[in-house]
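Each chain is listed here by its residues.
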Amino acid sequence: MSLSLIAILAAVTFVSAFIQGTLGIGFALIVAPVVGMLKPDLLPVTLLLLMLPLNLHVAAREREHVDWSGATWITIGRFAGTFAGLWLLAALSLDQLDLAVGAFTVIAAGAALVAPPFSPNKPSALGVGLFTGVTETATGIGGPPLALLYQHAGAPVLRATVALCFFVGEVMSLIVLAISGRIGSEQLLAALYLTPPVLLGSAVSRLAHHRIGGRGLRLGVLTFAIASGLFLIVR
């Protein structure tokens, strides 16, 4: 990769890591489209590798707020979805998958805007985990369904639980991608170059994460999900 490309991606990953560390979502939804436009062959492997230290940091920082029951059922669904995601990665074009994920995200976020408050239960957690496993393994994007599931939870619960589920799921996806021969040296090298800005952005998020929560967080989550879904549909 050229120095200019590395510089652009480093800036994007820094900002995205700060947003993810503050809100609990956002990294993949910002980075994936940029990488897709500039260096699409890095997806989804480089993106998944970069999210490992980011989500580990957030989960460890707020580990006392993890919803362990929800995280367990999400992970069970995520495991099954990983293999379906690998199949989709081989069977569908990226444009087709983007369209499906974007449409689902917009519909889910629109429904959530008018839905009454609810707590995640076993069926919803299992279903979200399954869908996230499919989309994150295939594209690196899995945030909106998890964020929507925990939109009415407290900000620390959302950040901690989503980060933990992401971390475990990303390990699953990377193992399956490695076994299938889809991890290359260029993807690993790109992840190595971009890890420092990810760590820096995550560290800086410590200055803001405790100030974000309540209705503002929920509205931010839903607005972000809708905007991201529309972007995937029209790009």
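Here goes a summary of the coordinates provided. These figures come from a predicted structure and were not determined experimentally. (Residues numbered from 1 in each chain as written. Predicted model: local features only at pLDDT ≥ 70, side-chain atom pairs only at ≥ 80, totals over all residues. Heavy atoms only, no water.)

**Description of the overall build of the chain**
And then number 1: In terms of helices and strands, the chain carries 10 helices and zero strands.
And then number 2: Along the chain, from the amino end to the carboxyl end, the secondary structure elements read α-α-α-α-α-α-α-α-α-α.
And then number 3: Across the 235 residues in the chain, those meeting the buried criterion constitute 49%.
And then number 4: Across the chain, the fraction of contacts at a sequence separation of at least 24, relative to all contacts at a separation of at least 6, is 86%.
And then number 5: Of the roughly 10100 Å² of accessible surface on the chain, a fraction of 73% belongs to carbon and sulfur atoms. (Helix = DSSP H or I, 4+ residues; strand = E, 2+ residues; numbered from the N terminus. Buried < 20%, exposed > 50% of the residue type's maximum accessible area, 1.4 Å probe, protein only. Contact = heavy atoms within 4.5 Å. Areas by Shrake-Rupley, 256 points an atom, 1.4 Å probe, with all protein chains shown as cover.)

**A short note on the pattern of salt bridges**
Should the charged atoms of two oppositely charged side chains come close, the side chains can pair.
And then number 1: All chains considered together, the criterion is met by five salt bridges.
And then number 2: For E62, the salt bridge identified is with R61, shortest N-O distance 3.0 Å.
And then number 3: Its relative accessible area of 13% is what places R61 among the buried residues.
And then number 4: Through salt bridges with shared partners, a single ionic network connects K39, D41 and E186. (Salt bridge = Lys/Arg side-chain N within 4 Å of Asp/Glu carboxyl O.)

**Notes on the packing of helix 1 (residues 3–23) against helix 2 (residues 27–38)**
And then number 1: In contact at an axis separation of 8 Å, helix 1 and helix 2 are set at 165° when each is read in the N-to-C sense. When the axis of helix 1 is compared with that of helix 2, the two are roughly antiparallel. For the pair helix 1 and helix 2, the sense of crossing is right-handed. For the pair formed by helix 1 and helix 2, the contact residues are L5, I8, L9, V12, T13, S16, A17, I19 and Q20 on the first element and F27, I30, V31, V34, V35 and L38 on the second.
And then number 2: Here the residues of the contact of helix 1 with helix 2 are counted per class, giving 12 nonpolar, three polar and no charged. (Axes fitted to C-alpha atoms, helices over the stretch in contact; angles between N-to-C directions. Parallel < 35°, antiparallel > 145°, perpendicular 65-115°, else oblique. Left-handed = near helix turned anticlockwise from the far one by under 90°. Nonpolar A, V, L, I, M, F, W, Y, C, P; charged D, E, K, R; others polar.)

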